[in-house]
Amino acid sequence: MKLSEVKQRRDHIASESHNKQRVSPENAASKGTSLSSRLDDLRRKTLELMGPYLTMSIDQIDSEISVSLRTIAETLCLDRCFLAQFPLSQKSLVCTHFYETAGSKHSLTSSDISVPRWLVRKIESGQCTSVSKMDDLPKDEREAREYFTRGGTQSQVALPLEIDGEVVGGMVLETTHAAIEWPDAVFSTLKPMADVFALSIQRKRKKLEYSERMRFEILLANLTARFVQLEADEVDEQIEHSLEKIGEFFQADRCGIHVVYTDREDIRISHDWYDKGIKKVPKDTNIALLFPWSYERLVRDRQSISLSNICDLPPEAWKDLASYKAMGVRSSINILLSSGKSIFHVFALNNINTERLWSTEYVSRLRLVGEVFANALTRKQAEVELKKSYKEIRNLKDRLQDEAEFLRSEIRSCHGSEEIIGQSRALSMVMTQAAQVAPTDSTVLISGETGTGKELIARAIHDMSAHRDKIMVKVNCASLPPTLVESELFGREKGAYTGALTRQIGRFEMADGSTIFLDEIAELPLELQAKLLRVLQEGEFERLGSPKTIKVHMRVIAATNRNLIEAVKTGKFRQDLFYRLNVFPIAVPPLRERIEDIPMLVWAFLNNFCDKMGKQILKIEKRDMEALQRYSWPGNVRELRNIIEHAVIISSGSTLVIKLPQDAEKGISWAKTLEEVEYRHIMDVLRHTAGRIKGVSGAARILGMIPSTLTSRMKKLGIRLHDEKEKGEISS
């Protein structure tokens, strides 16, 4: 289903009257439409409901889920249907998508839904539950009974939304008109849609998590960079400023640095930040006396403590629990920081009003920035450690600045990035290949013309791989000056050459444990191709100016718009490197070979630019769309995007005004080589003859060639007619 059709379908359903005649469970039964038959109807509709989720963008997920919930509720003659999710890094269950039939006696809104803890536990453990009447609820579940009474709920069924063993939320269906018996088939019928909802929600969550992680890395890099060459009298002010920024990022209520005095079992607050309205703890308070169990774990066992809920504390930590409750804390993290041989600090972060899940990645990164704070304090207090502390901070600053610069470029490139849009056979084959190779660590070589979306395919492979939670490091070999390529890829030591004032880690080192994308690999100088070959074969290299061998393990994806086989023949590309890269080749088709995707791309770009420019363009003339499909697109998808952006700028009404390049209508070929001109001409003739090669009206007669010669030439150019379906595609 095309994006435009999805939008029309959604708008049609949304515009239906909320007062539409509804069949209640009692009426449905009296008319012979039992719940079992309605479940059969829903099973028949499931494939249609699932279809749009295959190609829709992240921004369309919420509206499509709302449409699906309404369809499910109306098909099963239910009164209320909603989805609840576990927010990122939190343990509560929040209603995010809600539908209720018009005219309900107990009308609610999504904000009225407060999922009972009994049901949260069921969903969190992955259990499907059904309640045919309120009396079926456990007698000791008072909160659940109050929920049924408040919302007028008579019957309820709930399914967990689970993906890869992780429960991201739950789907709940309810009746308020009458109590009904839920057959076992209700779970098997609803499970496919629950899985689709879970997958779609997980897609959106991954994108949000990635964005949050990028912002967090940039925040830490910027904060720690300020401590380089910081005067001693500025350290305290800068630490408290940094604590404020970290606390605000995590929406915390308190953030602080504590000093540990092991000789007298004492912990004191040295720096802190509190959100508005939060009661402060006096700095002369001995924290070790309030939290003796935590003191043992932190100082004696050298373990950090993260609590998503203070109730997770063991029974022996009763005094710590009482202190947390007295302070109103619900979740907390305490990270031990070491500095020098005997001085310790603790980085503490508390949430008063919410529970929060603390990922190991955040703990490790907070420890890193916390150690920057600790080193700064040690430098201030002990002059003898000044040089050592300064070197550690400087090295840390260099590392984080390298990462920060890369992350800034990644975030800039992510703004306005495109989804992979299209349903053509050619694109589907590419995505199938990407899905096949993604779970492996095999090297991938992506070829295709400029502007076809090779980087998007590379990112799709990375996102489907085991390294999806890490950054994909990108290097454009064509944009780097030859004198800087080696240091950019492999790094350098201070003084490696004139102008190398600091040490710099290379992109291969940065990509250790993840994926590195080498764009325009054909532009890599010959002298560096041998060194790249060694990295691919041995997984090791040396920084410029250093004899030390660095070992790395990463997945390499290379891309080129050139014919590497020809480059090997002419001596411009190493043959052994080509075979090392060409483990799994993927050829991205040019836009002219998937013209059926052009309408989908046009509408996607149009909606994107309209949102950015605040315009409402609802129509594209049929002749304009046909002209777009006739155009040869030498710049491929990138050129199409630019033309649509130009069209949105110059359009003042509700109809898009499109201006193609002047030579487009004259049929002038934009091919760069004779081979490409020949390819296009043969393809045009084959379309004219509906794929027929032989005969009076065949392509061979029109081209003045012997059929066998034409067949041989087609094979050399990569034109294949495997079956009648493909012939039909050429004719279309």
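This text goes with the structure placed above it.
Residues numbered from 1 in each chain as written. Predicted model: local features only at pLDDT ≥ 70, side-chain atom pairs only at ≥ 80, totals over all residues. Heavy atoms only, no water.

**Considerations on the pattern of salt bridges**
Then step 1. Under the counting rule described, the total for this entry stands at 27 salt bridges.
Then step 2. As a salt-bridge pair, E143 and R117 come within 3.7 Å of each other at their nearest N and O atoms. With a gap of 26 residues between them, E143 in helix α6 (residues 142–151) and R117 in helix α5 (residues 117–124) connect regions that are remote in the sequence.
Then step 3. Overlapping salt bridges, with partners in common, bring together R534, E540, E542 and K551 in one network. (Salt bridge = Lys/Arg side-chain N within 4 Å of Asp/Glu carboxyl O. Helix = DSSP H or I, 4+ residues; strand = E, 2+ residues; numbered from the N terminus.)

**What about the sheet that holds strand β17 (residues 584–587)?**
Then step 1. If you trace the five strands from one edge of the open sheet to the other, you get β12-β13-β16-β11-β17, paired in parallel fashion. With partners counted over all chains shown, the strands left at the sheet margins are β12 (472–476) and β17, one partner each. Neighbour-to-neighbour, the strand axes of this sheet turn through a mean angle of 20°, independent of strand direction.
Then step 2. Relative to strand β16 (residues 555–560), strand β11 (residues 444–447) is paired through four bridges, and the arrangement is parallel. Note on β16: the bridge partner recorded for S447 is T560.
Then step 3. Where helix α14 (residues 425–437) meets the sheet, its contacts fall on β11, β16 and β17, and the angle it forms with β17 comes to roughly 155°. (Pairing = 2+ DSSP bridges. Axes fitted to C-alpha atoms, helices over the stretch in contact; angles between N-to-C directions. Contact = heavy atoms within 4.5 Å.)

**A closer look at the side chain of H97**
Then step 1. Summarising the element assignment, H97 is placed in strand β2 (residues 94–100).
Then step 2. The exposure class assigned to H97 is buried, which follows from its relative accessible area of 4%.
Then step 3. Of the polar contacts made by the side chain of H97, one reaches the side chain of T96; its length is 2.8 Å. (Buried < 20%, exposed > 50% of the residue type's maximum accessible area, 1.4 Å probe, protein only. Polar contact = N/O pair within 3.5 Å; in protein donor to acceptor, adjacent residues only side chain to side chain.)

**Some points on the packing of helix α4 (residues 61–75) against helix α7 (residues 185–225)**
Then step 1. Packing of α4 against α7 leaves a shortest axis separation of 11 Å and a crossing angle of 165°. Here α4 lies roughly antiparallel to α7, going by the angle between them. Here the hand of the crossing between α4 and α7 comes out left-handed. Residues I61, D62, I65, S68, L69 and I72 of α4 form the contact with α7, whose participating residues are L190, M193, F197, S200, I201, R203 and K204.
Then step 2. Grouping the constituent residues of the contact of α4 with α7 by class yields eight nonpolar, two polar and three charged. (Parallel < 35°, antiparallel > 145°, perpendicular 65-115°, else oblique. Left-handed = near helix turned anticlockwise from the far one by under 90°. Nonpolar A, V, L, I, M, F, W, Y, C, P; charged D, E, K, R; others polar.)

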